[in-house]
Amino acid sequence: MAVSKGRTSNKKQSFISVPSPVITSISQSSLESLLLSPRKKQRPVSKLRALCKNPIFYVFLLFLFVSLCFMKTWLEFDPLLRSPCSVSRENGFVSTGFLNLKPEQSYEFDDKSEFWKQPDGMGYKPCLGFSKGYELESGVIVKDRSKYLLVVVSGGMNQQRNQIVDAVVLARILGAALVVPILQVNVIWGDESEFFDIFDLDHFKNVLANDVRIVSSLPSTHLMTRPVEEKKIPVHASPEWIRSHYLRRIRRDGVLLLRGLDSRLSKDLPSDLQKLRCKVAFHALRFAPHITELGNKLTERMRSKGPYLALHLRMEKDVWVRTGCLPGLSREFDEIIRNERKARPELLTSRLSNVSFHHRKLAGLCPLNALEVTRLLKALGAPSTARIFWAGGIPLGGKEALLPLMNEFPHFYNKEDLALPGELEPYSKKASIMAAIDYIVSERSSVFMASHGGNMGHAIQGHRAYSGHKKTIIPNKREMLPYFLNSSLPEKEFNRIIMNLHIDSLGQPELRTSKAGRDVTKYPIPECMCNTTTKSSSSS
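Keep in mind that this is a model prediction, so the values were computed, not measured.

How each quantity is defined
Residues numbered from 1 in each chain as written. Predicted model: local features only at pLDDT ≥ 70, side-chain atom pairs only at ≥ 80, totals over all residues. Heavy atoms only, no water. Pairing = 2+ DSSP bridges. Helix = DSSP H or I, 4+ residues; strand = E, 2+ residues; numbered from the N terminus. Contact = heavy atoms within 4.5 Å. Axes fitted to C-alpha atoms, helices over the stretch in contact; angles between N-to-C directions. Buried < 20%, exposed > 50% of the residue type's maximum accessible area, 1.4 Å probe, protein only. Right-handed = clockwise from strand over helix to strand, strands pointing away. Arc of directions from axis to C-beta. Phe/Tyr/Trp six-rings, centres within 6.5 Å; stacked < 30°, edge-to-face > 60°. Lys NZ or Arg CZ within 6 Å of the ring centre and 35° of its normal.

1. Considerations on the sheet that holds strand β10 (residues 308-312)
The pairing of strands in a sheet comes from backbone hydrogen bonds and takes either a parallel or an antiparallel form. With respect to topology, five strands assemble into an open sheet ordered β12-β11-β10-β13-β14, the strand pairing being parallel. The open sheet terminates on both sides in strands that have one partner only, identified here as β12 (412-413) and β14 (472-473). With respect to the sheet, helix α18 (residues 431-443) is in contact with β10, β11 (387-391) and β13 (447-450), its orientation differing from that of β11 by roughly 150°. Lying on the sheet, helix α19 (residues 454-466) is in contact with β10, β11, β13 and β14; it crosses β13 at an angle near 155°.

2. Focus: the pairing of strand β9 (residues 255-259)
The element β9 is largely enclosed, with a buried count of four among its five residues. Here strand β4 (residues 148-153) runs beside β9; their pairing, made up of five bridges, is parallel. Bridge pairing links L149 to L256 in β9.

3. Observations regarding the environment of A459
In this fold, A459 is placed in helix α19. Linking A459 and F282, residues 177 residues apart in sequence, is a C-alpha distance of 9.7 Å. Ignoring sequence-local partners within four residues, the contact set of A459 consists of R161 and Y439.

4. Some remarks on the pairing of β4
Within β4, six of the six residues are buried, leaving the element largely enclosed by the surrounding structure. With burial as the criterion, each face of β4 is covered, one bearing Y148, L150 and V152 and the other bearing L149, V151 and V153. Inspection of the sheet shows β4 paired to strand β5 (residues 177-179) by two bridges, in the parallel sense. Bridge pairing links L149 to L178 in β5. Between β4 and its parallel partner β5, the chain crosses via helix α6 (residues 157-174), and the hand of that crossover is right-handed. As paired strands, β4 and strand β6 (residues 182-183) are joined by two bridges and run parallel to one another. Its bridge partner lying in β6, V153 is registered against L183.

5. Here's the deal with helix α16 (residues 399-408)
Structural remark: α-helix, 3.6 residues per turn; residues separated by three or four positions point the same way. The set of residues buried in α16 consists of A401, L402, L405 and M406. Each buried residue of α16 sits inside an arc of 125° when the element is viewed along its axis, so together they form one side.

6. Looking at the packing of aromatic side chains
As enumerated under the stated definition, the model contains 10 aromatic pairs in all. Taking 5.1 Å as the distance between ring centres and 55° as the angle between the ring planes, the aromatic pair formed by F195 and F204 counts as tilted. Each member of the pair, F195 together with F204, is buried. Judged by centre distance (5.7 Å) and plane angle (85°), the rings of W241 and Y246 are edge-to-face. In textbook terms, an aromatic cluster arises when at least three aromatic residues are bridged by ring pairs, as seen for F195, F199, F204, F287 and Y439. Above the plane of the ring of F484 lies R375, whose end atom (NZ or CZ) is 5.2 Å from the centre. Sitting over the ring of F115, K471 keeps its end group 4.6 Å from the ring centre.

Here it is, written out as structure tokens:
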């Protein structure tokens, strides 16, 4: 039996000589057990104890916990129940929609309140049946390739929207193709948005394909033409005036450039042109898909817990300056407005410019402040649990200006409150798109009210009427404000009086023709809406 020797070392090792036939019959594991020296028995250590001693285990647990919390927050996000610790800021203004909510509080929303009851629409529905003469003219107009109308529209989004409606009607009157309107860069907000950034251009073209030909740019045959620019369009210009002043020029030069269209075209147009205005405002001018999608998301977040009220609040510094009114927050803020108005008197656009603030307010020419809006809503039966979406710019005085509303109606949100982190970020410097989002959420509310008139308030009033006369509160400021100033009037009596003053100002059908100069996009009856009674009377 041979003995093999290993190398000499400080630690001697022993070897066993085993015949080769035996080795081949032993498994590898058994062989290892023979060759390795047996170890002393140790107490078995549990796997859990070993894991507990491993720092990587705790890192993994922390990662798992954070991931689960993030997934739960993402999947079950409810913007209406945010933590009071959360804040969003815009130009230093703290978004206030959730500041009075606490996670542990629960509220029973009064969805059965009479406040949410909708007015009787009296069976009125949209009807845009054009005359045979209009349809015959359409065939000639849309085929014309000799005349092109260029328009530059200015102001905020809602002001631009009104001018685009007029531009389409002007193109129809002149029998010209309309080049997609140019949006003038707003010097106040620095918004450089173009038409297709705000509106769905393809939809705009398709809806109006049988009325006016819409082109994206001038054809090559007219590119070298220097357009005739006209800036002096009178207020309430009639179709006859438009044709007599512009038709000869556009036929001669091929291109006409118009600016300053704001409220220039007459509101009392022939029936077919009134219908065209409605077609543009309520059908053709649809917001771009990405804006509509985001607006719909915010709307659904407000609707998720029932009906909601939308307020368009006009409390920005420039509004108080332009209207010749005072915010009534404090002497300090009133003095700021007075000084601004003295420094820039050209900003005052309100009627009765020589009349005092007090008399201007009693005439119904001033925006309602937050306290007045709160008292009006309470008198009209708005429950304190009502969810309110407020649209508009940052009010003068910031959070302080909104405290009366926030204290009475704690469920008070704007788009910044409703949006997920990052949703509004791409549009932070796009005032027109922000206004479009406000428009969507406000127009689709259960109840709408504007604290002052203005382009957005009027546009939404008409849109809601056209959509079935959804409840729209129209403050009767001239009649109600004397009662607001009467501090001796008991609250119960005050509420009764205010309710009676607004019985017929809640969005019921109202004829445009009952008062001259009314815009059909604000009062779509009778030209754009009809019921069985008006249909039968018109056919007889």
